[in-house]
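Survey of secondary and tertiary structure
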Amino acid sequence: REMRKDLAKSLQSPCFGGSEPGLQTNFFSSVTSFSFDHISHLVTGKTHHLLNICSSIDTTFTDFPLMPHIAGCGAQTGGRNVLVNRHTVEKVTLFVFSVVKRLPEHIQVDNPDVLKKLAKKLERQQIPLRMDYGYKVSLFSHLHQYSRKAPLTQQVSIPSTVIHPAVVRLGLQYSQGIVTGSNARSVALLHAFKQVIRDYTTPPNEELSRDLVNKLKPYISFLNQCRPLSASMGNAIKYIKKEISNIPSQCKEEEAKSKLLNCIECYINEKIILAAKAIAKSAIEKISDGDVILIYGCSSLVNHILCEAFEKSRKFRVIVVDSRPRLEGREALRRLVQKGISCTYVLISAVSYVLPEVSKVFLGAHALLANGYVMSRVGTSQIALVAKAFNVPVLVCCETYKFCERVQTDSFVSNELDDPDDLIVTRKGKTHLKDWQEVPSLGLLNLVYDVTPPDFVDLVITDLGLGMIPCTSVPVVLRVKNVDQ
Amino acid sequence: MELQAVLMAAGGGSRMTDLTYNTPKPMLPVGNKPLMWYPLNLLERVGFEEVIVITTKEVQKMMSTDPKMKVDVKMKLDVVCIQEDGDMGTADALRHIQQKIKTDILVMSCDLITDVALHEVVDLFRAHNATLAMLMSKAHEFTETVPGQKGKKKTAEQRDFVGVDQSGKRLLFMANEADLEDGLSVRKSIMRKHPRMHIKTGLVDAHLYCLKKAVVDFLTENKSISSIRGELVPYLVRKQFSKTTDSPKMKDDAEDQTQKKNDSSTNHELLISSRDEPLLQLAQERSCWNDHHGDMSEAYHGGKLRCYVHIMDQGLCYRVNTLAAFIEANRLAPKLFEEPAVHPSAVISERCQMGSDSIIGALCQVADKTSIKRSTIGNSTTVKEKVKVTNSIIMHGVTIEEGCNIQGSVICSNAVIGRGADLKYCLVGNGQRIEPEAERTNEVIVGTDQLMEI
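Residues numbered from 1 in each chain as written. Chains lettered and ligands numbered in written order. Predicted model: local features only at pLDDT ≥ 70, side-chain atom pairs only at ≥ 80, totals over all residues. Heavy atoms only, no water.

Looking at the overall build of chain A
What counts is decided by this rule: What counts as a helix is a DSSP run of H or I of at least four residues, what counts as a strand is a run of E of at least two, and both are numbered from the N terminus. Burial status follows relative accessibility: with a 1.4 Å probe on protein chains alone, a residue under 20% of its type maximum counts as buried, one over 50% as exposed, and anything between as partly exposed. Whether two residues are in contact is decided by their heavy atoms, any of which lying within 4.5 Å being enough. Residue exposure ignores everything except the shown protein chains as possible cover, and the areas themselves are Shrake-Rupley values with a 1.4 Å probe.
Secondary structure summary: chain A contains 13 helices and 17 strands in total. By residue count, 50% of the 485 residues in chain A fall in the buried class. For chain A, contacts bridging at least 24 residues in sequence account for 76% of all contacts bridging at least 6. Of the accessible surface of chain A, which amounts to about 23100 Å², a share of 54% is contributed by carbon and sulfur atoms.

Have a look at this one:
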C-alpha cells in the first residue's frame, strides 16, 4: 500500500530529465530519500521489450550524475545505482518500483508532522509517549533527548498489562544504563523475547506467524522510547521476525514456540558467543609479546580478546583510555586487572601524550556501516585520528551481526543524545552547572556515538571468512550475508 | 501478570484503642472516607485491577454496607477473612493465602495514606531484579495537640536504624532499637563491600513492600516467621550479605558460625533462578555497568539477593496507627483529592460560618449561627444552633446540641453532646453522651466496657 501511494505521487512529479547526450532518461522518483532494492522493469527504446531485471543488476557504488538528489539527501542513501550501457540502449525509462525507505522518525524530531504521526502510532499501540527534556543544541535538535529522571514507567500502569513485564523491566534497565553495550543489549533483548514467546498463546482464529509479530511491534516501540535501538538490536529483531513469519501455519503452537526458542538460542550462540571466540582467535595472532595495547572505553569484545590473549600467555600491557561522563573505562580496567593484566589508565585528554609508547590500538564498534565507517562510542574517532598521526595501527573488532546497511559520513545526522544532566558534576561541594537550564545561551550536549572514517582504520577483525578484512570490504560481507539468508 | 496486590486490613489498631474498640481500624473515617479506602485508591490510580484484602469478618460486613467503598472502588476485591483474635502476624497471613499467590506481590497496610509515585518503588524492584523493595519516608513532627495526653510528650518510641548505601537506594542494614542490646554492630563484610553507609533514624516505614514470589514460598517452608516488618524484612536484609557454604569464613564472624550454617542452608531457597539464568548472566557480563566503583568485584558484589528502599523526602506519607497520626491525617488527607468540601446532600443554613478547610459529610444538618473551622464533620451528623466547632473531628451520626463549644477534640460515632457543653482536647468514645453544661478539658471519655480492657 505504501509503495503504491509513493509511486502514484512520484509518477505525477517527474524530477528531471536526462543530462547525457544521446541518452534520454525519464526518472520518476519521489523527492524523499530512498534506496532501490528492486528495479523490476526496464523498458528499452528499441524493442519496447519489458525486461525483467531484478536486483542483481549491479552492486557497485558509483556516483550517478543523473541523481543528484540522492547524494544530497543526507544520511540514508543506501543501495543500488543503475549502470547502463550507453551504446546499446537509446532510451531508458526506468520505473522505479522500490521499497521506499523513509527517514526513520527518530532523526526527524524537529518535524512536527513526523511527531504527530509517531504520537498517533503510539496511541494506537497503547504505548505512552516520552517527552523530550531540556534545551537541545541546534545542530542536534533533530534528535530525541530524554531525562533519566523521567522514566517511561511513570506512564505505564503497575502492574503492566499492555506490555509484557519482562519488556518493561528491560526498557527500565536500558534507560537507566544498567544494560549497556551493544552485545549486552542484544542478549538482554533476546532474553526478554524468549519470555514473551513462552508466555504467548495464540488467540483463536489467528495464526501464530502473523499475530506474534504484531504482538512484538508495540514492545519494540516501547523499547525504542526507553532508549533508541542499536544496530545490533535491529538486526536481531529482523532475524526474529523473519523466523516467526517462516513458521508454517500447520505447525502446532507448542512446537512452534520451542522452535523459536531454539532459534534464539542458536542465534546468540553463533553470532555472539562463537563469534567472540573466532574473533579472539584471529586477534590473538596480531598480539605479539612486548606489545603495548591501547583500548578505549569498555567494549565487551575487546576485553574478551585481551583476557584470552593473556590466558594464552602473551606478554603485553594495556593502556585504558577513558572519557567523561560515562567513565566506562573504569569497568574495563577492573576486569583486566582482575585477570592480572598490567594496565595504565588515562583520560582521553592525555591520548597524544601516551601514544608514542603504544604499539597497537584495539577498538570496539557499535556498528559497521555499509560505506566502511565505524560507528562507536564518542571519542573513538578522536583516538583513531591521533593514532593515525602517530602511525600506530588501529584494529577494530566487530561481529558480523553488527554490520548494517546504513550509510553515514558524519556524526550529526544520526546519533543519540543522552541525558544532559549527566554532565553536571559536584566538586568540592560546588555544582556549577546545577541551573544550566536558566542560562539562555547555554546548552549541554551529551553525545553517545561518533563515526570513524575508514582511512583511519587499518583492519577489521570479524568472524566471517578469514577474519581480517579491510574496512572497505564491509559491503561485500553484507552481500555475502544476504545471499546466505 | 507482573504484580499482585495484597492489602493487610486485619490489624487491631492496638495503639489507639480509644478509637478502635468499637470501630475496627480499617473502617475509621478519615476525611469522611474509611481508612482503607486510601491505599485502595492509590492502587486503583496506579492501574491495579484486583486486590486481595485480608481482613476480619466484621470489617468485611462493614465494607459491604459502606457507600464509599461500593461506589468509589472499582477494582475487584478478593476478601479473605481471618480470625480476629488469633495471633496472626502479617507473614502468617501471607502464608494463609499462599495458594492465591501466583507472581510477585505488593503488600500494603490498610493504614497507609500517601501520595507517593508508586513507580519509584516498583522500578527499583524491576530494574535491579530485587527480592525486596520498600518505601520509607522522613518522619514529620505532629503539631496538633492530642486529646488525652497529659502535658509532656510521651517517651520516644523505639527507634529504627536504617542503613543505606551511598546512592540512598540499596538497603544495607535494618534494626530496631529494642533488638540492639549493647550497641549497633555492623559486620565487616558489609563495610568492605559498602564503605560509605548512611544510617538514618528519623524514618517512617510505610509498610509497603514488593516481594518476590520466592519469598512467599520461603515463608511457607519457614513457619517461624510471623511478622513481615518485624522479622522477615530484617532477615532478608541480613541475608544479602550472608555467605554461601563454599566461600571462606571470616575470623571476626566466628561467634555466629553456627548461625551462618543454618542461614546458608536456607539461602538457596530464596534464590530460585529463572529458566534463562545463563542468558541473564551473559547479558550482565557483557554489560559495562557496575553499581559501585573502587573495588574489584562485579556488579552487586555478585550477590543475588538484593533489597532496595525508596526514601521519600517530599510528599505525604502517614501511617495512621496512633491517635496523633489519625488527627494529622484528618487534617491533611482531604487535600489529596479534589472533592468538594461540602457534600451536596448536606443541609447547611446560610448563617453558618464555615472555614474553607472544613469538610462536611453527606446528609448533615447544620443549623444557624454555627461556626465550623478546620474540622471534619461526618455523615448524618446534626449540629444545632450556636455551636462552635474548631479543629475537631466529628464522626458519623453525632448529635451536637445548641450552644456547644468543641475545640481540638475527637468525637466518635453516634455520640451525643448535650446542650452548652464545653469540650477542649477531649476524646469522646462511641455512643457516649455528654451531659449538658459539661466542661471537660483534655479527657478521654469512653464507656465502662472499654475501661475493662487492659
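Some points on helix H7 (residues 231-245) of chain A
Residues and elements named next belong to chain A. For the record, the criterion: Here the expected span of a helix is defined as 1.5 Å times the quantity of residues minus one.
Between its first and last C-alpha, H7 extends 21 Å over 15 residues, near the 21 Å set by a 1.5 Å rise per residue. Of all the positions in H7, only Ala231, Ser232, Met233, Asn235, Ala236, Ile237, Ile240, Glu243 and Ile244 are classed as buried. Packing partners of the buried residues in H7 comprise helix H4 (165-176), helix H5 (182-198), helix H6 (208-226), helix H8 (253-286) and strand E10 (367-368).

Points about the nonpolar core
The nonpolar side chains of soluble globular proteins are, as a tendency, buried together. Our working rule: Remark: nonpolar core denotes a set of buried residues (Ala, Val, Leu, Ile, Met, Phe, Trp, Tyr, Cys) joined through side-chain atoms within 4.5 Å.
Membership of the largest hydrophobic core comes to 65 residues, with the highest contact counts inside it found for B:Leu19, B:Met36, B:Leu43, B:Leu118 and B:Phe326. B:Phe326 has contacts with B:Met16, B:Leu19, B:Leu28, B:Pro29, B:Val30, B:Val320, B:Ile393, B:Met395 and B:Val410, leaving out every residue within four places of it along the chain. Membership of the second largest hydrophobic core comes to 48 residues, among which are A:Ile127, A:Val168, A:Leu216 and A:Ile268.

Brief notes about the interface of chain A and chain B
Selection criterion: When two parts are put together, the accessible area they lose, computed with a 1.4 Å probe and summed over both, is reported as buried area. For this analysis, a salt bridge means a side-chain nitrogen from Lys or Arg found within 4 Å of a carboxyl oxygen belonging to Asp or Glu. Between N or O atoms, a polar contact is any pair within 3.5 Å; within protein, one atom must be a potential hydrogen donor and the other a potential acceptor, and residues adjacent in sequence are included only when both atoms are from side chains. Three classes are used: nonpolar for Ala, Val, Leu, Ile, Met, Phe, Trp, Tyr, Cys and Pro, charged for Asp, Glu, Lys and Arg, and polar for all others, with Gly counted as polar.
At the interface, 39 residues of chain A touch 33 residues of chain B. A combined buried area of about 3400 Å² lies between chain A and chain B, and 60% of that area is made up of carbon and sulfur atoms. Area buried by chain A at its contact with chain B is led by A:Ile158, A:Ile178 and A:Arg334, which between them contribute 21% of it. Counting across the interface, chain A meets chain B through zero salt bridges. Where chain A packs against chain B, one counts 17 residue pairs in polar contact (both at pLDDT 80 or more). Its residues assigned to classes, the side of chain A that touches chain B comprises 17 nonpolar, 13 polar and nine charged.

Quick look at the pairing of strand E7 (residues 316-322) of chain A
Residues and elements named next belong to chain A. Heads up, the condition is: A pair of strands is labelled paired if DSSP reports no fewer than 2 bridges between them. Crossovers are marked right-handed if the path from the first strand over the helix to the second runs clockwise, as seen with the strands pointing away from the viewer.
Counting buried residues along E7, six of its seven residues qualify, which places the element largely inside the surrounding structure. Judged from the six bridges that link them, strand E6 (residues 291-296) and E7 form a sheet pairing that is parallel. Across the sheet, the residue bridging to Asp291 is Phe316, located in E7. Chirality of the crossover, the property in question, places the unit of E6, helix H9 (residues 300-311) and E7 among those that are right-handed. Pairing of E7 with strand E8 (residues 343-347) involves five bridges; the strand directions are parallel. From the neighbouring strand, Ile319 faces E8, where its bridge partner is Thr344. Once you follow E7 into helix H10 (residues 329-339) and on to E8, the crossover reads as right-handed.

Re empty space enclosed by the protein
Residues and elements named next belong to chain A. So the rule is basically this: Site definitions follow a grid-based scheme: protein atoms alone, a 1 Å grid, a 1.4 Å probe that fits but cannot get out for cavities, and for pockets an open set with protein on both sides within 12 Å along at least five of seven lines, plus lining residues having an atom within 4 Å of a point. Grid points are joined across faces, edges and corners, and a volume is the space filled by probe spheres set on the points. Domain ranges listed in this record stem from an automatic or a database domain assignment.
Following the criterion strictly, the structure yields six cavities of 30 Å³ or more and no others. Along the walls of the largest cavity sit 24 residues, with Ser182, Cys298, Ser299, Ala365 and Arg377 positioned nearest its centre. Counting residues per element, the ones that place at least two in the lining of the largest cavity are H5, H9, strand E9 (360-364) and strand E11 (374-377). Broken down by element, the residue count for the lining of the largest cavity peaks at three residues, all from H5. Viewed by domain, the lining of the largest cavity spans two of them, domain 2 (106-275) and domain 3 (285-411 + 447-484), each represented by three or more residues.

Let's talk about the packing of aromatic side chains
Residues and elements named next belong to chain A. Definition in use: In summary, the pairing rule links any two rings of Phe, Tyr or Trp, Trp by its six-membered ring, whose centres are within 6.5 Å, and it sorts them by plane angle into stacked for under 30 degrees, edge-to-face for over 60 and tilted for everything else.
A full pass over the atoms with the stated rule returns six aromatic pairs over all chains. Plain terms: the ring middles of Phe140 and Phe412 are 5.3 Å apart, the flat faces sit at 25° to each other, and that makes the pair stacked. Separated by 272 residues along the polypeptide, Phe140 in the loop between helix H3 (112-125) and H4 and Phe412 in the loop between strand E12 (394-397) and strand E13 (426-427) bring together distant segments of the chain. The exposure class assigned to Phe140 is buried, which follows from its relative accessible area of 4%. In this structure Phe412 comes out as partly exposed when scored by relative accessible area, which is 38%.

Concerning a nonpolar patch on the surface
All names here are of chain A. Quick note on the threshold: Patch members must show over 30% relative accessible area and no salt bridge, and they are joined within 9 Å when carrying like charges or within 5 Å when they are nonpolar side chains of Val, Leu, Ile, Met, Phe, Trp or Tyr.
Together, Leu464, Val476 and Val480 give the surface a local cluster of nonpolar side chains, amounting to about 190 Å² of exposed area. Considering the arrangement of structural elements, one finds Val480 in helix H13 (residues 474-484). Among the residues examined, Val480 registers a relative accessible area of 36% and is labelled partly exposed.

Notes on the environment of A:Ile220
Residues and elements named next belong to chain A. Mapping Ile220 onto the fold places it in helix H6. Sequence-wise, Ile220 and Leu190 are 30 residues apart; in three dimensions their C-alpha atoms are separated by 12 Å. Excluding its chain neighbours within four sequence positions, the residues that come into contact with Ile220 are Phe193, Leu229, Ile237 and Lys241.

Re the sheet that holds strand E10 (residues 171-176) of chain B
Residues and elements named next belong to chain B. Stated precisely, the cut-off is as follows: Each axis is a line fitted through C-alpha atoms, taken for helices only over the stretch in contact, and angles between the N-to-C directions span 0 to 180 degrees.
Pairing is antiparallel in the open sheet, where three strands are placed in the order E10-E9-E11. One side of each edge strand has no neighbouring strand; the edge strands of this open sheet are E10 and strand E11 (198-200). Across the sheet, the axes of successive neighbouring strands diverge by a mean angle of 15°, strand direction being ignored. Helix-sheet contacts for helix H9 (residues 228-239) involve strand E9 (160-164) and E10, and the interaxial angle to E10 is about 145°.

Looking at the environment of B:Thr114
Residues and elements named next belong to chain B. Secondary-structure assignment places Thr114 in strand E7 (residues 112-114). Taking the C-alpha atoms as reference points, Thr114 and Ala329, separated by 215 residues in sequence, lie 9.9 Å from one another. Polar contacts involving the side chain of Thr114 include one to the main-chain amide nitrogen of Val116, which spans 3.1 Å. Only 2.7 Å separates the side chain of Thr114 from the backbone oxygen of Leu316, close enough to count as a polar contact.

As for the confidence of the model for chain A
Worth spelling out the cut-off: One confidence number per residue, pLDDT, is output by the predictor and ranges from 0 to 100.
Mean pLDDT over chain A stands at 81; residues scoring 70 or higher make up 79%. Predicted confidence for residues 13-99 of chain A stays below pLDDT 50, and this span has 130 contacts to residues more than four positions away or in other chains.

A few points about the confidence of the model for chain B
Residue and element names in this part refer to chain B. Taken as a whole, chain B shows an average pLDDT of 82; of its residues, 88% reach a score of 70 or greater. Taken together, the stretch residues 245-265 has pLDDT below 50 and engages in 17 contacts with residues farther than four places along the chain or on a different chain. For this predicted complex, the interface confidence score (ipTM) comes to 0.85, while the overall pTM stands at 0.82.

Regarding the UniProt feature "domain: EIF2B subunit epsilon/gamma LbH" (unreviewed entry) in chain B
Our working definition: UniProt positions are given in the numbering used here, feature names are shortened, and annotations may be inferred rather than shown by experiment.
The positions that UniProt labels "domain: EIF2B subunit epsilon/gamma LbH" (unreviewed entry) are, in the present scheme, residues 345-437 of chain B. Split by type, residues 345-437 of chain B is 0% helix and 39% strand. Its first and last C-alpha atoms lie 31 Å apart.

Things to note about the state of the cysteines
The condition is simple: Disulfide assignment relies on a single distance test, namely cysteine sulfur atoms paired within 2.5 Å.
Overall, the coordinates contain zero disulfides over all chains when judged by the stated rule. Looking at A:Cys298, it has no disulfide partner, and the nearest cysteine sulfur is the one in B:Cys288, 4.4 Å off. A relative accessible area of 12% means that A:Cys298 is categorised as buried. The class for B:Cys288 is buried, based on a relative accessible area of 8%.

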